[in-house]
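One-letter residues, chain by chain:
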Amino acid sequence: MKYLITGLFTAVFLTTTAQSEQRIVVGHALSPASHYGVGAQAFIDKLTEVSDGAFVGEQAPAGQLGGERDMIEGLQIGSMDVVITSTGPLGNFVPEVFALDLPFLFRDYDHARKTLDGEIGQELLAKIGENDLVGLAWSENGFRHVTNSQRPVRTPADLNGLKLRTMENKVHMTAFSGMGASPTPMAFPELFTALQQGVVDGQENPVTVITASKFWEVQNYVSLTGHVYSPAVVLASPSLIDGLSDEQKDWFMQASVASAAATRAEVNRLEEAGVALLRENGMEVITDIDKAPFADLARASYSVYIDEYGTEMVDRIIAVK
Ligand code: PAF
């Protein structure tokens, strides 16, 4: 009898505990050890800490739940909770965000982070909020560079005829057509195999991603073109956030800020250590690049944004000091 009562008590207690904590899944495209993985874990840890265990979480890394575009759609229909994504596919949902994807716009990390942490970043998070998504905080992917299996790329002429995977982003595709490559949009989970099988010759991503994805196994050359800054953003599903109290919403904000800070710290670390890692793993790293001819040719992509929204946002971003 005593055991029965103890057993019943334990069962009731466990059910109550299980019911009282809410499990959050944080999806992203990269490995748990990547800068996104570090950010996802920081999100989960902070959320659990500030909610005193009311929320717990787990990562769905490496595109387990689809590419970035699929995961954003999942947020809109409520099948995903939280996603850390680049802005690559986001302009297809929130076109104003294309302003951030313009090539050779941000001077350096300081310029990009100040822009996103200031008024412009807040305005764009609000725009995201008008499109069945909740923009919690700006995070980071990093400055993108070109890798390929064929030859060292030092000038735009070296890009001629190269089949280059780009994100599903019309600004990036127009920029690469302008620079002479043949852009092939593709979701990231398909990329490694496409490089391995020679479906595409190359791709472009920050050092953070090239190292996390071990692209040295399928690519010989990396050219430090830094042609575009790639922001990331912590997004949540309105169907999750709308059901929360103000206090709970604040916990999610705190978790997002902690996530972005952890990701940026990891980007900083890899900007220092990552290039050495690429060399150690056999990639030829091309650093002597004159960016001006690339920038001139990529300029054609500005009209993708400016024709619709004018130059105001671009001028404001350039003016951020
Ligand atoms: O190339 C991409 O699609 C993105 O940079 C990635 C790797 C998914 C990170 O956001």
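This structure is a prediction, so every number in the text was calculated from the model and none was measured.

Student: Hey, could you run me through helix α10 (residues 246-280) in this one?
Tutor: One turn of an α-helix holds 3.6 residues; hence residues three or four places apart share an orientation. Spanning 35 residues, α10 covers 49 Å between terminal C-alpha atoms, matching the ideal 51 Å at 1.5 Å per step. Remark: the principal bend of α10, roughly 45°, maps to Ala 273. Once α10 ends, the next one or two residues include Gly 282, with phi positive near 95°.

Student: Even after reading the chapter, I still don't get the site of the ligand, so can you show me in this structure?
Tutor: Ala 29, Tyr 36, Glu 68, Ser 86, Asn 141, Arg 144, Arg 165, Met 167, Phe 188, Asn 205 and Val 209 make up every residue found near the ligand. Note that an oxygen atom of the ligand is positioned 3.0 Å from one of the side-chain N or O atoms of Arg 144. Between an oxygen atom of the ligand and a side-chain N or O atom of Arg 165, the distance comes to 2.7 Å. Taking 280 Å² as the accessible area of the ligand by itself, protein coverage stands at 99%. When each cavity is represented as a set of grid points, the ligand is found to reside in the largest cavity. Partitioned by chemical class, the residues of the shell around the ligand number five nonpolar, three polar and three charged.

Student: Would you mind showing me how to read the packing of aromatic side chains here?
Tutor: What the rule picks out here adds up to ten aromatic pairs. Measuring from ring centre to ring centre gives 5.0 Å for Tyr 109 and Phe 143, while their planes differ by 90°; the resulting arrangement is edge-to-face. On the criterion of sequence distance, the pair formed by Tyr 109 in helix α4 (residues 109-117) and Phe 143 in strand β4 (residues 134-148) is long-range, its members being 34 residues apart. Like Phe 143, Tyr 109 is buried.

Student: For this particular structure, what's the right way to read empty space enclosed by the protein?
Tutor: Enumeration according to the criterion identifies two cavities of 30 Å³ or more in this entry. Size it by volume and the largest cavity reaches roughly 170 Å³. Around the largest cavity, the lining is made up of 17 residues, and of these Glu 68, Ser 86, Arg 165, Met 167 and Phe 188 lie nearest the centre. Breaking the lining of the largest cavity down by element, the ones donating at least two residues are α3 (68-77) and β4. The volume enclosed by the second largest cavity comes to roughly 30 Å³. Lining the second largest cavity are Pro 103, His 172, Ala 175, Phe 176, Met 179, His 227 and Val 228. In terms of residue class, the lining of the second largest cavity is built from five nonpolar, two polar and no charged.

Student: Before we go on, may I ask you to explain the environment of Ser 259 in this structure?
Tutor: Note that Ser 259 resides in helix α10. The exposure class of Ser 259 is buried, given its relative accessible area of 0%. For the pair Ser 259 and Tyr 36, spaced 223 residues apart in sequence, the C-alpha separation works out to 8.6 Å. Apart from the residues within four sequence positions on either side, Ser 259 is in contact with Gly 39, Ala 40, Ala 42, Phe 43, Ile 84 and Val 234.

Student: Before we go on, may I ask you to explain the packing of α4 against α10 in this structure?
Tutor: For any two helices packed against each other, the geometry is given by the interaxial angle and the distance between the axes. Put simply, α4 and α10 touch, their axes get as near as 13 Å, and they point 170° apart. One finds that α4 runs roughly antiparallel with respect to α10. Contacts from Tyr 109, Arg 113, Leu 116 and Asp 117 of α4 reach α10 at Arg 264, Val 267, Asn 268 and Glu 271. When grouped by side-chain class, the residues that make up the contact of α4 with α10 number three nonpolar, one polar and four charged.

Calculation rules
- Residues numbered from 1 in each chain as written.
- Predicted model: local features only at pLDDT ≥ 70, side-chain atom pairs only at ≥ 80, totals over all residues.
- Heavy atoms only, no water.
- Helix = DSSP H or I, 4+ residues; strand = E, 2+ residues; numbered from the N terminus.
- Expected span 1.5 Å × (residues − 1).
- Bend = angle between axes of the 7 residues up to and from the residue.
- Near = heavy atom within 4 Å.
- Polar contact = N/O pair within 3.5 Å; in protein donor to acceptor, adjacent residues only side chain to side chain.
- Areas by Shrake-Rupley, 256 points an atom, 1.4 Å probe, with all protein chains shown as cover.
- 1 Å grid on protein atoms, 1.4 Å probe; cavity = no way out; pocket = protein on both sides within 12 Å on 5 of 7 lines; lining within 4 Å.
- Sits in = over half its atoms within 2 Å of the grid points.
- Nonpolar A, V, L, I, M, F, W, Y, C, P; charged D, E, K, R; others polar.
- Phe/Tyr/Trp six-rings, centres within 6.5 Å; stacked < 30°, edge-to-face > 60°.
- Buried < 20%, exposed > 50% of the residue type's maximum accessible area, 1.4 Å probe, protein only.
- Points joined across faces, edges and corners; volume = space filled by probe spheres on them.
- Contact = heavy atoms within 4.5 Å.
- Axes fitted to C-alpha atoms, helices over the stretch in contact; angles between N-to-C directions.
- Parallel < 35°, antiparallel > 145°, perpendicular 65-115°, else oblique.

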